[in-house]
Every structure is written in structure tokens, then in C-alpha cells.
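Each chain, letter by letter, is given below.
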Amino acid sequence: MAVLLDIVGSRVRYAVLLTLAKAYKLKVPVSPRAIVRVFGLNIPNTYSFMRKLVEVGLIMRTGSKYMLTEKGAKLVDFVLELVPKLNDGFDELRATMPETMYYVVEPKYKEWFGVYKPLVMVDKALRNRDILVGGNYVIVYVSFRGKVFKYDWDRYLSLASVEQAYADLISYDDQWISYIPDILLNLFRLDVEEVLKRATYEGRRRLATALAYYETFLGRKVPLRTDVYSLLDEKLLDDMIAFVTPLLIDERGLRVWKL
Amino acid sequence: MEAVDKGCGVIRSFEESLERIVPKLEDLEIEVNRYPLNKRERNQVLQSMERVYYLIWLMKNIQNFFKEKIQFGGGAILNYIFLKSIEEPPRMTFDLDSHWNEPISKRSLLKEMLRFNKYLKALIDVRMPVDDVHSITIYVVEHDIEKDFFSNVLFLRVPVITRWTGETFHAFVKRITGFEMKYVVLTELRKVFEKTLGVKDAKIDYIRFEVSFGSPLPYTKYSVQLPFNLGTQAFNITELEYQLASKIVNKLCKDYGKTTAFVLHDVLKALLDMRLLKYVNGDKLTYYVKQADKNPAVLLDNFRRNITALMNVGARYWGSHHYILIRKVYTLETLVENTREMLEDVLTR
């Protein structure tokens, strides 16, 4: 599948060459720190490889970032031809987007059956560039400052961390309320504070309202740093109660509550 | 170091909120000193008074927030407001009954309670730290889901910090959140509790209240001087005559058939509340009893039968700690005799 990885023989070389090749097409430089972070690479090995590429004139430094030189540009077609194709609706991302400049947002704990449209978060530096056709996903341009995502070596895609994914879903997805039960029913394995921290103000208010309802309805407490009652948005309560209540109660409760 | 600093901030803010919200021992003692009690009895009543304080505090805030949407009734009102105002000793009751004055559903009521929680949170803001940075919010309303059996009553509760009754604070945190508090946090919290409450291992207890909804009930506005230095407050209270008529028809004088033995404690509670009979408008009371479409002679017969059964097992319930203050003034026989006379007067008009 990953012929490029087999040929170059190491994850460091694969990650650096793949990212720089795609970035060259978009005429944007890439930060080595971002490559290390997203691909989970060994820092000395990555910098050592990039130094070698600089020495042989394949890449050049622009500020704290790097991009391919004219000489290095000869590698682009070779690298991009070998990009993995999985035919899962994301091949467009694999072919065009530097892994440090996008990530896919998917719910990890689905408490429902159904088909959802994933979000693809794209660095706002690429806004108005018409790079992606989309269709299988919703494209959202945002600042990538502090975003937590990793390259998935099985799916060859950059994916949001669980908390980042839920923070984005409740902040940017039109169907944000569908993901609230996933969070409330998985409080034991989610860092909710992290979700709140990573969400937009609107997303924080949505989740805070849900948590306040969860505590009030079930008589439980969720230890948090965030004050959910201060963030509670009364305008959201009708929808929240209507949507979430049936998912939080058992059969005994339902008999009383559907009245 | 940073974590310790953050922790100190959370602890300090918790201590400040506790100083504002917990009842002062002197205020509780003033109420207890109204009754002639020996030392053992006095301690027990003092412990109960802490919960009574919160009950009245809660009632005051509910009324302030919901205004004309809600009215209060039941044992807490009759005993802590009306009987107290006529120098009659209260029976100790620890839950608050209220009625919603508008058509509503359970879910909409829960929405109202969330709005109320936001109000309470802004008013008192009690967040108990469970570690350096995380806290849980107490003194807010929650659904008492274990008690939720009726479709027209919403059972609710408010976790509050107490000196004597309830679950030790760290046991509460563990049960509710699964969170095991660290020793360093326990130590800090114990210091705060000792300073603000005078006990190291403070407890968390639930103040329970219920909101019924459905048919409208008649109510009157009363301005009440509250105990415990809680000020004066206007309350919507279900008409006293209606409340007593309801207790007569549905409790004291009801035909329970073969199930009488199971309801005798309720009969006793209704009997004790009948001390108010001589202070209410008899004609109005009779009107409400007649509205229930019950034959007065049958009601009186039921009363005699229920009271006979109660007196046979009376000591068992009458000896309960709930009635300690009333026992200082009355015997059960006196109460029965007084009630019989007043009931006969009301039911034979």
C-alpha cells in the first residue's frame, strides 16, 4: 500500500518528503516541528535528515520553515505518484494536502447508528485556494494554533485527537447536538475539560449546557475546572432536553418521562 | 508549585462561599433554645435545625426566582411557618412540597430548574474542590431520579454542606464522581470545614423538594418573618383551609380498608397538623371538604376507626424523633381529643 514508505525506508524520510512535496505544489513552506509533531517522529533524526536535504540543495530554509528548491521539485511528481490510495473518500486529501495543514474530524465514540459527514479542518492559510473539491466531507478553515492531531499510519491521514474531534464537532458541525450524547455517555474515557478548552466559545456553551443538564437530570457531578452553570445557554435548553433525555434514561424512567 | 497555587485559589474561593452560605451555629441555637429540652434532646434538635435552615433558605430562593409560577404547601409550611407563628411546636419534617401554578410538563419543569440553577450559581457559587484544579458544583438542584415514580410530580434535591447529617464529604465525592480525593486536598478541605463549620469531616446531605403540577390550587400570599435571621419574605402558600381539608379527606378521614396499618404514620402526621384547625376559617374549610363530595358522617366514622388503629400502635410512631418538640407539650390522647372536637364542628356544619 505505502510504496513510498517501502522505497524511502523510514518514517522520517517518508513524512518529510511527502509533506514537502505537497506543500511545494501549494507554494507554502513547512515547519519541521509540525512534521515531527503530526507524524510522531524522532526529533534528532528528522532534523538530521532535513540538514542533509539542505546540504544537497533539495530544500531551503525560509524563516523557521522549509520548502523544496527547484532542484528538489524534481522529486514532487515521483513522491506524489506513490501517495497511498484507499478509495475511502479521502484520497483527495492524501494527494494534495500537506499533513500538517489539515486533519479529519470523526467521532470516536458513536452511541448511534447512522451516516455522518466528517469535518475536514484546514489551516486558514489555505483559505480561498480552491484546493479541495470536498463532497464527502465538510471543509472548515480555522487557525491551526494549538490543534491536536496526528498522522494515522494505518489510514495515511491526519486525524484529530478524540478531544479535539469532539471540540470541533460541537463547535463547527451543523448537527452538533447529535454528538452531545457521545460525550455524555463517555465521560469516563474522555477528558471533558480538554474538549471544553479546545472548543470555540459557542461550542463551550453548548457542551456546558449539556453537562449542566446531565448533572441536574441524573444527579451526578462531573469534576471540572470550567464553571458549566455560568456558561449555560438557556436558548439551547429546549433542544437539549428534547434530544438528550431519551438517551440518558432507562426503561423505568422512560415510562414516566414520555408522559 | 503552579498546581499548588491554583489549588490554593480554588480552596480559598470555596472557603469564602461557605462563609456566606452555611448557617451560623448561633442562629441555629436561637431556634433550639425556644424549646425546653435536655442536653441530649437539644443536640438532636440542633442537628435537625441545620436541615430546617436549608429548607427555608431553599424555599426563599425558589420563591424569589419563580415568583408567581410556584406555591408552597405541606408539612414544612404548616409546621415551620404557621404552627411556629402561633407558638405551637413543629413536627420535624425535612422535605418541601410545592405546586406549579401553570400548565407544564416534567421536561419543561427540568428546564425551569436549570434556569434556577444558573441563578443559584450566580448567587452563591459553591464549588467544592476535588483536586488542585477540578471542582464540583453543589447547592444546585438535581433531579431525585431514584424517587421519580409519579408522572405529575417532579422529585428534586439539593446537595448542601452540613455539620452533622449526611455523607462524609469525601465519600460523597467518591460515590457521585468516582473520584478518590488526595490526602493533601482532604487536609486542606478539613481545615476549611473546621474554620467555617467547626467540624473537620463535614457532611453533604440532600435537601429534598418536590414540585407537583396539574390542576390549579388556591393560594394566598403571606409575608413571613423567617427564622434563622433569613429576613422577611412574601410566599405564595396553598390556602390553609384547602391544605387542611385535603389532609382531612385524603389522610386523616380516609377509608383505608385493610391497608390501614400501612398508613398510620401518615395519619399521625395529619393529626398533628390539625392543631391549625382552630386558627383557620371554618366555613371555608367546610366548603373545601364538601367540594371533595364526601359524606361528613362517613368521614367522622373513618376518623374514629383510623385513630383507634393509631392508638393501638401509637407509641411506636409517636415516639419518633420527629415529634420530640410536640411531645414536650401534648400527649397523643390530648391531641386526638382536641382534633375530634374541632373535626366534629367542621364536618357537621
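A few points on the structure. (Residues numbered from 1 in each chain as written. Chains lettered and ligands numbered in written order. Predicted model: local features only at pLDDT ≥ 70, side-chain atom pairs only at ≥ 80, totals over all residues. Heavy atoms only, no water.)

### Concerning the overall build of chain A
The helix and strand inventory of chain A stands at 13 helices and seven strands. The dimensions of chain A, computed from C-alpha atoms along their principal axes, are 75 × 35 × 35 Å. In chain A, buried positions account for 58% of the 259 residues. A fraction of 64% describes how many contacts in chain A between residues 6 or more apart in sequence connect residues 24 or more apart. Counting every atom, chain A has about 12000 Å² of accessible surface; 52% of that belongs to carbon and sulfur. (Helix = DSSP H or I, 4+ residues; strand = E, 2+ residues; numbered from the N terminus. Buried < 20%, exposed > 50% of the residue type's maximum accessible area, 1.4 Å probe, protein only. Contact = heavy atoms within 4.5 Å. Areas by Shrake-Rupley, 256 points an atom, 1.4 Å probe, with all protein chains shown as cover.)

### Things to note about the overall build of chain B
Each helix and strand counted, chain B has 13 helices and ten strands in total. Relative to its length of 349 residues, chain B is compact, with a C-alpha radius of gyration of 22 Å against a globular reference of 20 Å. In terms of overall dimensions, chain B has a C-alpha envelope of 80 × 50 × 40 Å along the principal axes. Per-residue burial over chain B gives 55% buried out of 349 residues. Sequence separation of 24 or more characterises 74% of the internal contacts of chain B that already satisfy a separation of 6 or more. Of the side-chain charges in chain B, 51 are positive and 45 negative, and the distance between the mean point of each set is 1 Å. (Rg over C-alpha atoms; globule rule 2.2 N^0.38 Å. Lys, Arg positive; Asp, Glu negative; His and termini not counted. Charge placed at Lys NZ, Arg CZ, Asp CG, Glu CD.)

### So, the interface of chain B and chain A
At the junction of the two partners, chain B supplies 33 residues and chain A supplies 31 residues. In total, chain B and chain A occlude about 3000 Å² of area from one another, counting both sides; carbon and sulfur atoms represent 60% of this. Looking at the side of chain B facing chain A, the largest losses of area belong to R107(B), L114(B) and K118(B), adding up to 25% of the total buried there. One can count four salt bridges joining chain B with chain A. A salt bridge links D227(A) to K121(B); its shortest N-O distance comes to 2.4 Å. (Buried area = accessible area lost by both parts, 1.4 Å probe. Salt bridge = Lys/Arg side-chain N within 4 Å of Asp/Glu carboxyl O.)

### Some thoughts on the environment of F213(B)
Residues and elements named next belong to chain B. Relative to the helices and strands, F213 resides in the loop between strand 8 (203–212) and strand 9 (219–225). F213 sits 133 residues away from Y80 along the chain, and the two C-alpha atoms are 23 Å apart. Those residues in contact with F213 that lie beyond four places of it in its chain are H99, W100, I104, S105, K106, L109, S151, N152, V153 and L154.

### Quick look at the nonpolar core
Core analysis: the biggest nonpolar cluster contains 224 residues, and M128(B), Y139(B) and I161(B) have the highest contact counts within it. Sort the elements by how many residues they give to this core and helix 3 (residues 39–66) of chain B lands first, with 14 residues. (Core = buried A, V, L, I, M, F, W, Y, C linked by side-chain atoms within 4.5 Å.)

### Re the side chain of R157(B)
Relative to the assigned elements, R157(B) resides in strand 6 (residues 153–162). At a separation of 3.1 Å, a polar atom in the side chain of R157(B) contacts the side chain of D144(B). Among residues more than four places away in sequence, those in contact with R157(B) are G219(A), V140(B), V141(B), E142(B), H143(B), D144(B), E146(B), Y206(B), I207(B), R208(B) and F209(B). (Polar contact = N/O pair within 3.5 Å; in protein donor to acceptor, adjacent residues only side chain to side chain.)

### What to know about the pattern of salt bridges
Opposite charge on two side chains permits pairing when their charged atoms draw close. Under the definition given, this model contains 39 salt bridges over all chains. Note that E167(B) and R175(B) form a salt bridge whose closest N and O atoms lie 2.8 Å from each other. Three or more residues are tied together by salt bridges with common partners; here these are K221(A), E142(B), D144(B), E146(B), R157(B) and R208(B).

### What about helix 7 (residues 162–172) of chain A?
Since the α-helix turns once every 3.6 residues, residues separated by three or four places project in the same direction. Residue and element names in this part refer to chain A. With ten of eleven residues buried, helix 7 lies mostly within the body of the structure. Of the positions making up helix 7, those classed as buried are V162, E163, Q164, A165, Y166, A167, D168, L169, I170 and S171. The secondary structure elements touched by the buried residues of helix 7 are strand 3 (102–105), strand 4 (119–123), strand 7 (157–160), helix 8 (180–184), helix 9 (192–198) and helix 10 (201–218).

### Considering the packing of aromatic side chains
One pass over the structure, following the stated rule, counts 31 aromatic pairs over all chains. Between F144(A) and F149(A), the aromatic rings sit 5.4 Å apart at their centres with planes inclined by 70 degrees, giving edge-to-face as the arrangement. Residue F144(A) is classed as buried on the basis of its relative accessible area, which comes to 12%. Taking the centre distance of 5.4 Å and the plane angle of 80 degrees together, the rings of Y53(B) and Y54(B) count as edge-to-face. In this structure, Y53(B) and Y54(B) share a single accessibility class: buried. In textbook terms, an aromatic cluster arises when at least three aromatic residues are bridged by ring pairs, as seen for Y53(B), Y54(B), W57(B), Y139(B) and F228(B). The cationic tip of R11(A) hangs over the ring face of W153(A); the distance from NZ or CZ to the ring centre is 4.2 Å. Over the ring of Y206(B) we find R157(B), and its NZ or CZ is 4.3 Å from the ring centre. (Phe/Tyr/Trp six-rings, centres within 6.5 Å; stacked < 30°, edge-to-face > 60°. Lys NZ or Arg CZ within 6 Å of the ring centre and 35° of its normal.)

### Regarding the side chain of R127(B)
In this fold, R127(B) is placed in strand 3 (residues 126–129). Despite being buried, R127(B) has no salt bridge partner; D227(A) is the closest side chain of opposite charge, sitting 4.7 Å away. There is a polar contact of 3.2 Å between the side chain of R127(B) and the backbone oxygen of L224(A). There is a polar contact of 2.9 Å between the side chain of R127(B) and the backbone oxygen of T226(A). Aside from chain neighbours lying at most four places away, what touches R127(B) is L224(A), R225(A), T226(A), D227(A), F14(B), K121(B), S135(B), I136(B) and T137(B).

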